[in-house]
Amino acid sequence: MKQWRHYSLRYYSLLVLVYAIVSLFIPLNHDTRATYELSMVQAHAVSLIAAIPLFVIWFAAFYCYGRLQRYADTVRDSREGKAFRNIADGVTLLSWGLVIESFASLLLGALADHTSAMVAAAAIIQNYVTLVFPVVAFLLIGTGTQRLLALKRARLGHVGMRLLILLSASIAAIYSYLILHLMDHGQIYHLPVILLLVTVVIPYLFAWFSGLLAAFEMLVHARGTHGLLYKRGLDRLAGGLIVLIITSIVMQYINSALLSNLGAVSIGTVLVVDYLLLMGIAIGYILMISGIRRLQRIEEI
Amino acid sequence: MAISKDMTIYEQTVAITSSYLGPAAERFVDRQIQNHLAKPPTELTATDLIKLIDWIRIAVSFLTEDSSIIEDYIAELKQLSINAGEGRGGAA
């Protein structure tokens, strides 16, 4: 029986249509148009063309979460059922987060361009919109991977755990330093230091640690699972999930800490970095799709 | 999954299948028995297994094109059916 989550591609089509329409009609920044000597029509066309790679990545994300939700439905009565449900819900949130973040950026950016009083509010809202999805998504995925490990009564090895802690501590220290000491965080985040720490830095670090832990647990689970044909699907699903989590973390890290510290970074460089990372995310989704299809076939034959 | 003499034919079939289908083995075997033999999976007999092997071969051929994997899996099931027929495979 089809449920709402199986309509992922219909939601995708609707979202692309709405985004395209909004892109075409939203007022664009006059100074930017003047810099590149573009008419209003040309500027809108460029904006829409620049969104095409984004649409391709959204397709991969929505197709993946639709297939994963379907697989989770198929195995819902099995021992792994709850675990795959958690993972599917987490991936669904990450996928929707990609889209909602883009919409927020488009709309809030236009609002800030035309109403200087809204610059701070737009930046704050954008930051929290970008933050909330990975926090909840990585928590859900982590709950799922923990359940998978618990089925086998497996645990993370001491060495691996210690390496993970070291990696997380390093990420946290560098990130905190970048946010608080190098850049003018007041101009970028428009928040006092204490609020920035409590509502941005700590949640991001929590999300990234949760995500890295989930990726590690998925790796351990995939390695410890037997079944020659089953493993072929599971390894791709696990590999794709790990790529997705790590690339998402890197993208959030770079966007929230590094880019704003690099001073005179051109818009072209920012776009290239972001699109490369989005391609990494798309590769994660494609790997997952390949794995889910194999696992689904086993359950349907 | 290790196979012991105390296991039923059904349990041994699942154990052999789990080498190939892992956690999905039990669901796969149950589905083949229910769909093609129309009986409760736990009532699988040696005679049933002989009929089931052909259906399993067809099903697994949809999962992989590697004939060596298919033949290895079928050979193990055939050996189980021979042992069960000779009374060495445990109770039905």
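No experiment lies behind these values; they were computed from the predicted model shown.

Participant: I'd like a description of the overall build of chain B, backed by residues and values.
Facilitator: When you go through chain B residue by residue, the secondary structure sums to 4 helices and 0 strands. Each helix and strand of chain B, ordered N terminal to C terminal, gives the series α-α-α-α. Along the first, second and third principal axes, the C-alpha atoms of chain B reach 35 × 25 × 20 Å. When burial is assessed residue by residue, chain B has 49% of its 92 residues classed as buried. The long-range fraction of contacts in chain B, counting pairs at least 24 apart against all pairs at least 6 apart in sequence, stands at 52%. Entry remark: accessible area of chain B is about 4,600 Å², with carbon and sulfur atoms responsible for 53%. Computed over 8 positive and 13 negative side-chain charges, the separation of the two mean positions in chain B equals 4 Å.

Participant: Go over the environment of A88 of chain A, please, and point to the residues and values.
Facilitator: Residues and elements named next belong to chain A. Examined against the element boundaries, A88 turns out to sit in helix α4 (residues 81–114). Accessibility expressed as a relative area gives 0% for A88, which makes it buried. Separated by 53 residues in the primary sequence, A88 and I141 place their C-alpha atoms 7.6 Å from one another. For A88, the contacting residues outside a window of four places in its chain are L68, Q69 and A72.

Participant: Explain the packing of aromatic side chains to me, and be specific about the residues and the numbers.
Facilitator: Residues and elements named next belong to chain A. Evaluated as defined, the whole model comprises 18 aromatic pairs over all chains. Ring geometry for Y175 against Y204: centres 6.3 Å apart, planes inclined by 75 degrees, an arrangement best described as edge-to-face. With Y175 in helix α6 (residues 158–182) and Y204 in helix α8 (residues 193–224), the pair connects residues that are 29 residues apart, well separated along the chain. Of the two residues, Y175 and Y204, both sit in the buried class. Between the aromatic rings of Y175 and Y253, the centroid separation amounts to 5.5 Å while the plane-to-plane angle is 45 degrees, which identifies the pairing as tilted. Taken together, the residues Y175 in helix α6 and Y253 in helix α9 (residues 228–258) connect sequence positions 78 residues apart. A residue is classified by how much of its surface remains accessible, and Y175, at 0% relative accessible area, is buried. For Y253, a relative accessible area of 13% gives the class buried. Among the aromatic residues, those joined into a cluster by ring pairs are Y11, Y12, F59, F62, Y63, Y65 and W96.

Participant: Hey, could you go over helix α2 (residues 25–36) of chain B for me, with residue numbers and the actual values?
Facilitator: With 12 residues, α2 of chain B should cover 16 Å at 1.5 Å per step; its first-to-last C-alpha distance of 16 Å lies within 8% of that length. Along α2 of chain B, the positions that sit buried rather than exposed are A25, R27, F28, V29, D30, R31, Q32 and I33 of chain B.

Participant: Tell me about the confidence of the model for chain B, and please be specific about residues and values.
Facilitator: Mean pLDDT over chain B: 89, with 91% of residues reaching 70 or higher. Two summary scores accompany this predicted model of the complex, namely pTM at 0.90 and ipTM at 0.90.

Participant: So what about helix α1 (residues 8–25) of chain A? Which residues, and what values?
Facilitator: Residues and elements named next belong to chain A. The end-to-end C-alpha separation of α1 is 26 Å, in line with the 26 Å expected for 18 residues at 1.5 Å each. Taken as a whole, α1 has its buried residues at S8, Y12, L15, V16, Y19, A20 and S23. For α1, the angular spread of the buried residues around the axis is 135 degrees, confining them to a single face. Exposed residues on α1 whose side chains face more than 90 degrees from its buried face are R10, L14 and F25. As for α1, its buried residues are in contact with α3 (40–74) and α4.

Participant: With reference to specific residues and values, describe the interface of chain B and chain A.
Facilitator: Facing 18 residues of chain B, the contacting portion of chain A comprises 15 residues. Note on chain B versus chain A: buried area summed over both sides is about 1,400 Å², and carbon and sulfur give 61% of it. The tally of links between chain B and chain A comes to 2 salt bridges. Linking E80 of chain A and R27 of chain B is a salt bridge whose minimum nitrogen-to-oxygen distance equals 3.3 Å. Looking at the side of chain B that touches chain A, the elements that each hand over two or more residues are α1 (9–21), α2 and α3 (46–61) of chain B.

Participant: I'd like to hear about the nonpolar core, residue by residue, with values.
Facilitator: All names here are of chain A. Ranked by internal contacts, the top residues of the largest apolar core, which has 112 residues, are W58, V91, Y175, L241, Y285 and M288. In this structure M288 touches C64, L68, V91, R236, L237, G240, L241 and L244, once residues within four positions along its chain are discounted. A104, A122, V129 and F133 belong to the second-largest nonpolar core, a separate cluster that totals 6 residues.

Participant: Could you give me a rundown of the packing of α1 of chain A against α4 of chain A, with the residues and numbers involved?
Facilitator: All names here are of chain A. In contact at an axis separation of 11 Å, α1 and α4 are set at 15 degrees when each is read in the N-to-C sense. Overall, the two elements α1 and α4 adopt an arrangement that is roughly parallel. When you trace α1 past α4, the crossing you get is left-handed. Here Y11, L15, V18, Y19, V22 and S23 of α1 come into contact with α4, specifically with W96, V99, S102, F103, L106 and L107. Looking at the contact of α1 with α4 residue by residue, the classes come out as 10 nonpolar, 2 polar and no charged.

Participant: How would you sum up the pattern of salt bridges? Please name residues and give values.
Facilitator: Tallied over the full model, the rule gives 7 salt bridges over all chains. Among the ionic contacts, a cluster of salt bridges with common partners joins E80 and E299 of chain A together with R27 of chain B.

Participant: Tell me about the side chain of T145 of chain A, residues and numbers included.
Facilitator: Note on placement: T145 of chain A falls in helix α5 (residues 119–151). Once residues within four sequence positions are removed from consideration, T145 of chain A is found in contact with I87, A214, E217 and M218 of chain A.

About the cut-offs
Residues numbered from 1 in each chain as written. Chains lettered and ligands numbered in written order. Predicted model: local features only at pLDDT ≥ 70, side-chain atom pairs only at ≥ 80, totals over all residues. Heavy atoms only, no water. Helix = DSSP H or I, 4+ residues; strand = E, 2+ residues; numbered from the N terminus. Buried < 20%, exposed > 50% of the residue type's maximum accessible area, 1.4 Å probe, protein only. Contact = heavy atoms within 4.5 Å. Areas by Shrake-Rupley, 256 points an atom, 1.4 Å probe, with all protein chains shown as cover. Lys, Arg positive; Asp, Glu negative; His and termini not counted. Charge placed at Lys NZ, Arg CZ, Asp CG, Glu CD. Phe/Tyr/Trp six-rings, centres within 6.5 Å; stacked < 30°, edge-to-face > 60°. Expected span 1.5 Å × (residues − 1). pLDDT = per-residue confidence, 0-100. Arc of directions from axis to C-beta. Buried area = accessible area lost by both parts, 1.4 Å probe. Salt bridge = Lys/Arg side-chain N within 4 Å of Asp/Glu carboxyl O. Core = buried A, V, L, I, M, F, W, Y, C linked by side-chain atoms within 4.5 Å. Axes fitted to C-alpha atoms, helices over the stretch in contact; angles between N-to-C directions. Parallel < 35°, antiparallel > 145°, perpendicular 65-115°, else oblique. Left-handed = near helix turned anticlockwise from the far one by under 90°. Nonpolar A, V, L, I, M, F, W, Y, C, P; charged D, E, K, R; others polar.

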